[in-house]
Amino acid sequence: MINRIDSAIDVTAAELDRAAWHRPDALHTTVHLGFIHGVDLAVTTGQEELVDQRQCAELLDTMWDMDFGAFRRPGMFRPELAAPDGVAAHWRLLAFAGRAFGDT
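This write-up is about the structure you can find in this document. (Residues numbered from 1 in each chain as written. Predicted model: local features only at pLDDT ≥ 70, side-chain atom pairs only at ≥ 80, totals over all residues. Heavy atoms only, no water.)

## Overview of the packing of helix α3 (residues 53-64) against helix α5 (residues 89-96)
Between α3 and α5, the shortest axis-to-axis distance is 8 Å and the interhelical angle comes to 35 degrees. Helix-helix and strand crossings are classified by hand; for α3 and α5 the assignment is left-handed. For the pair α3 and α5, contact is made by Gln53, Cys56, Ala57, Leu59, Leu60, Met63 and Trp64 and by Ala89, His90, Arg92, Leu93 and Phe96, respectively. When its residues are assigned to classes, the contact of α3 with α5 shows nine nonpolar, two polar and one charged. (Axes fitted to C-alpha atoms, helices over the stretch in contact; angles between N-to-C directions. Helix = DSSP H or I, 4+ residues; strand = E, 2+ residues; numbered from the N terminus. Left-handed = near helix turned anticlockwise from the far one by under 90°. Contact = heavy atoms within 4.5 Å. Nonpolar A, V, L, I, M, F, W, Y, C, P; charged D, E, K, R; others polar.)

If you want it as structure tokens, here you go:
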């Protein structure tokens, strides 16, 4: 059982994810992603308070600003779901990635 999520690891994962989405060859190579899965893990283990909301919002903004449909087509992410008004950034990010509430 994971007792805590190391914020230094979260910061590194977020930076790597952000860099991966901006690579011009992202659709033609292996891209290792971790931040969204880390958020999934935090939610699943009841540790949502450890998720960095600023990083979630920044990654979501980056993903909104690109043609994210290209990543959905290969099946990496499900279609975007609507997030209820007023939910935290991590839930908006997960909904964008196709995660339903309680579906992590």
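Next comes the rest of the description.
## Brief notes about the pattern of salt bridges
With the rule as written, the count across this model stands at two salt bridges. One salt bridge in this structure joins Arg99 and Asp40, with 2.7 Å as the shortest N-O distance. Here the residue Arg99 occupies a position in the segment after α5, and Asp40 occupies one in helix α2 (residues 35-44), the gap between them amounting to 59 residues. A relative accessible area of 11% places Arg99 in the buried class. Here Glu58 and Arg54 are joined by a salt bridge, their closest N and O atoms 2.8 Å apart. Of this pair, Glu58 and Arg54 are both found in helix α3, four residues apart, which corresponds to roughly one turn of the helix. (Salt bridge = Lys/Arg side-chain N within 4 Å of Asp/Glu carboxyl O. Buried < 20%, exposed > 50% of the residue type's maximum accessible area, 1.4 Å probe, protein only.)

None of the figures reported here should be taken as evidence of function without further support.
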